[in-house]
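# Fold and geometry: a report
What follows is each chain in one-letter form.
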Amino acid sequence: MTFSILAHSARAGYADYAVMFPPAMWMFGWLTRVFAQVTFFALIGQLLGSQEQVRFLLIGNVVLIAVMHTMIAAASTTAERSLGTLPLLVAAPATHVTVFLGRGLCWMVSGVLSATVALVVVAPLFGVALPWPRVLLFAPLTLLVAASTYLFATFLASLLLRMLAIRSVITHLAWLLLTAFCGVVVPLTFWPLWIQRAAELLPLTHGLEAIRALLDGAPLDTLVPLIAAEAAVGAGWLLAAILGFHQFVETGRRDGSLEYS
């Protein structure tokens, strides 16, 4: 039953997504924006006169595309309250957390696809080598990063249900936080030690490190601890999301605040 609820919720989320991003818009609008963003940062590397910087910035921002797109789920998931369907979800016999987890899966899938296309198209233009066949693992690793980010975004959604007016602002601040501190534009070691330790609790940090190691030709067994760490971070944010939704619903039941926003 849980899988059926998740599937129905995912289909409902996709219906919303398809209205915002029909195929033509996704291919000629969204992908153009993706290519432009990755190209912009790769050009910064060229201005620095370092192919190493080109590679660092290009890979970081390709993976960031998946993260950025996935983070939109933090705002879109809260639509259940603004549409007035939240009380019905809470009253249903199944857990409401499953519905919220399925609601934004389309953003995660689209983010991974966007990042993969951007890597394949933009990397050769800047002479960034993609080692074959290990580059085939890029998409699965990016999916792991997107999944852990999605669970982080779902936790944010449990908080944003209380403050719908600023949901987009908080969502953008969150992915800017990930951009700044998780190794996208500067190495993690650039930051003070306490920021490095805090960044290790965020999604993207370990997964991006694993992707960089993969594309740099590191032995595959060295990726296992990084993959495990990214998965553990995602599991932690899943637990936080479950607790966040539970606390929100219980508070709403007590004070009768589960109403139209």
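The notes below deal with the structure included here.

About the thresholds
- Residues numbered from 1 in each chain as written.
- Predicted model: local features only at pLDDT ≥ 70, side-chain atom pairs only at ≥ 80, totals over all residues.
- Heavy atoms only, no water.
- Patch = residues over 30% accessible without salt bridge, like charges linked within 9 Å, V, L, I, M, F, W, Y side chains within 5 Å.
- Areas by Shrake-Rupley, 256 points an atom, 1.4 Å probe, with all protein chains shown as cover.
- Salt bridge = Lys/Arg side-chain N within 4 Å of Asp/Glu carboxyl O.
- Helix = DSSP H or I, 4+ residues; strand = E, 2+ residues; numbered from the N terminus.
- Phe/Tyr/Trp six-rings, centres within 6.5 Å; stacked < 30°, edge-to-face > 60°.
- Buried < 20%, exposed > 50% of the residue type's maximum accessible area, 1.4 Å probe, protein only.
- Lys NZ or Arg CZ within 6 Å of the ring centre and 35° of its normal.
- Axes fitted to C-alpha atoms, helices over the stretch in contact; angles between N-to-C directions.
- Parallel < 35°, antiparallel > 145°, perpendicular 65-115°, else oblique.
- Left-handed = near helix turned anticlockwise from the far one by under 90°.
- Contact = heavy atoms within 4.5 Å.
- Nonpolar A, V, L, I, M, F, W, Y, C, P; charged D, E, K, R; others polar.

A contiguous nonpolar patch, built from L159, M163, I166, V169, L173 and L176 and spanning about 480 Å² of accessible area, is present on the exposed surface. If you tally residues by element for the nonpolar patch, the top one is helix α10 (residues 167-181), at 3 residues.

Right, let's get into the packing of aromatic side chains. Going through the model one piece at a time under the given rule, you end up with 9 aromatic pairs. Where F152 meets W237, the ring centres are 4.7 Å apart and the plane angle is 70°; that geometry is what we call edge-to-face. Of this pair, F152 sits in helix α9 (residues 138-160) while W237 is found in helix α13 (residues 224-255), placing the two residues 85 residues apart along the sequence. According to the relative accessible area criterion, F152 is buried, its value standing at 6%. On the basis of relative accessibility, which here comes to 18%, the residue W237 falls in the buried class. Measuring from ring centre to ring centre gives 5.3 Å for F155 and W237, while their planes differ by 45°; the resulting arrangement is tilted. Separated by 82 residues along the polypeptide, F155 in helix α9 and W237 in helix α13 bring together distant segments of the chain. Residues F155 and W237 agree in their burial class; the two are buried. One cation-aromatic arrangement involves R212 over F56; the distance from NZ or CZ to the ring centre is 3.7 Å.

The next point concerns the packing of helix α3 (residues 51-71) against helix α12 (residues 205-215). Running from amino to carboxyl end, α3 crosses α12 at an angle of 130°, the nearest separation of the two axes being 11 Å. When the axis of α3 is compared with that of α12, the two are oblique. With respect to the hand of their crossing, α3 and α12 are arranged in right-handed fashion. Counting all contacts with α3, which are made through R55, F56, I59, G60 and V63, the residues of α12 involved are L208, I211, R212 and L215. Counted by class, the contact of α3 with α12 contains 6 nonpolar, 1 polar and 2 charged residues.

Everything listed here is a matter of geometry and, on its own, says nothing about what the molecule does.
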